[in-house]
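Tertiary structure, described
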Amino acid sequence: MIVSVNKKNSNLVIISGPSGSGKTSICNELTKNPKIKQSVSYTTRSPRDGEREGVDYCFVERDAFEKLIKENKFIEYAEYCGHLYGTPIGPIREVTGSEKLFLLAIDVKGAMQVMKKRPDAVYVFIMAPDDETLKFRLKNRLTEDDDTINQRFMVAKEEMKSSKHYDYCIINDRLDDAVEEIEGILRI
Ligand code: 5GP
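Structural notes, computed from the coordinates. (Residues numbered from 1 in each chain as written. Predicted model: local features only at pLDDT ≥ 70, side-chain atom pairs only at ≥ 80, totals over all residues. Heavy atoms only, no water.)

Comments concerning helix α7 (residues 175-186)
Under the 1.5 Å per step criterion, the end-to-end length of α7 is 17 Å for 12 residues, consistent within 8% with the ideal 16 Å. If you check which residues of α7 are buried, you get Ala178, Val179, Ile182, Ile185 and Leu186. Down the axis, α7 shows its buried residues gathered within 120° of arc, on one side only. Structurally, α7 contributes buried residues whose contacts are with β1 (12-16), α1 (23-30), β7 (101-105), β8 (122-127) and β9 (168-171). (Helix = DSSP H or I, 4+ residues; strand = E, 2+ residues; numbered from the N terminus. Expected span 1.5 Å × (residues − 1). Buried < 20%, exposed > 50% of the residue type's maximum accessible area, 1.4 Å probe, protein only. Arc of directions from axis to C-beta. Contact = heavy atoms within 4.5 Å.)

Listed below in structure tokens is the structure:
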């Protein structure tokens with residue numbers, strides 16, 4: 001029996017939101033619940049300080065990523081700010097029909113690809129309350145240079161236009177409230 005009794009009754013949950021929306025913090029909170037598991041994406045970007053191979057991402061060279069594309073190993077993949085990111089399909093197949101909720105935290109381009117293949121999934125879009133907060137969060141992370149921050153901010157503004165395609169849109173002003181709201185949607 002599938003535990004999730006959200007409106008769509010699916011155990012696949014897609015969370016998107018611009019860099020700086022607080023999506024990662026939200027997913028970290030949600031996955032404290034043992035009923036929720038998160039997909040580990042592949043990426044060609046370099047690890048940030050503290051990021052662990054196989055936990056935060058599987059970090060691969062572009063050649064290796066392109067080989068995985070050819071082998072149809074991804075349910076979706078997209079280029080984001082010059083780097084490739086992709087969700088492996090294997091773990092999604094493994095959790096089908098299981099009792100766990102499975103989270104994908106992916107960008108809008110990737111989510112649109114998943115929507116075509118898995119319209120049954122639950123789609124949640126996270127937003128920062130306003131542009132100032134978004135920029136502040138991007139800067140505060142101190143992991144990227146100014147050019148990258150500005151690039152991510154521009155992409156964020158574009159991504160926000162796609163929120164209308166999602167089942168739910170959550171404004172992440174206070175982390176606890178946003179997490180509670182999503183837990184309510186997922187009824188966990
Ligand atoms: P970051 O470099 O900040 O970890 O991630 C940049 C963007 O790529 C974020 O919006 C993140 O959600 C997205 N992302 C992470 N993994 C994947 C993935 O597997 N596929 C896609 N399409 N986007 C991803």
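Re the nonpolar core
With 25 residues, the main nonpolar core has Leu12, Ile14, Leu104, Val114, Tyr123 and Tyr166 as its most contacted residues. Of all elements in the fold, only β1, α3 (90-95), β7, α4 (108-117), β8, α5 (131-140) and α6 (146-160) reach the threshold of two or more residues within this core. Among residues more than four places away in sequence, those in contact with Tyr166 are Ser16, Val108, Ala111, Met112, Met115, Tyr123, Val124 and Phe125. Among the nonpolar cores identified, the runner-up in size contains 17 residues, and Ile36, Ile126, Ile170 and Ala178 belong to it. (Core = buried A, V, L, I, M, F, W, Y, C linked by side-chain atoms within 4.5 Å.)

Comments concerning the site of the ligand
What surrounds the ligand is a group of 16 residues, the closest being Ser41, Arg45, Tyr57, Glu76 and Tyr85. In this structure, an oxygen atom belonging to the ligand sits 2.6 Å away from a side-chain N or O atom of Ser41. Within the side chain of Glu76, one N or O atom sits 2.7 Å away from a nitrogen atom of the ligand. More than half of the atoms belonging to the ligand lie within 2 Å of the grid points that define the largest pocket. (Near = heavy atom within 4 Å. Polar contact = N/O pair within 3.5 Å; in protein donor to acceptor, adjacent residues only side chain to side chain. 1 Å grid on protein atoms, 1.4 Å probe; cavity = no way out; pocket = protein on both sides within 12 Å on 5 of 7 lines; lining within 4 Å. Sits in = over half its atoms within 2 Å of the grid points.)

Comments concerning the side chain of Ser41
Within the secondary structure, Ser41 sits in the loop between β2 (36-38) and β3 (42-43). In this structure Ser41 comes out as buried when scored by relative accessible area, which is 11%. Filtering out sequence-adjacent residues up to four positions away, Ser41 remains in contact with Tyr57, Cys58, Gly86, Thr87 and Pro88.

Describing the packing of aromatic side chains
Overall, the coordinates contain nine aromatic pairs when judged by the stated rule. Geometrically, the ring pair formed by Phe65 and Phe74 is stacked, given 4.6 Å between the ring centres and 25° between the ring planes. For the pair Phe65 and Phe74, a shared accessibility class is recorded, and that class is buried. Here Phe125 and Tyr166 contribute two aromatic rings whose centre-to-centre distance is 5.1 Å and whose plane-to-plane angle is 65°, an arrangement assigned as edge-to-face. Taken as a pair, Phe125 in strand β8 and Tyr166 in the loop between α6 and β9 lie far apart in primary sequence, 41 residues in all. Residues Phe125 and Tyr166 agree in their burial class; the two are buried. Over the face of the ring belonging to Phe153 we find Lys135, whose NZ or CZ atom lies 4.6 Å from the ring centre. (Phe/Tyr/Trp six-rings, centres within 6.5 Å; stacked < 30°, edge-to-face > 60°. Lys NZ or Arg CZ within 6 Å of the ring centre and 35° of its normal.)

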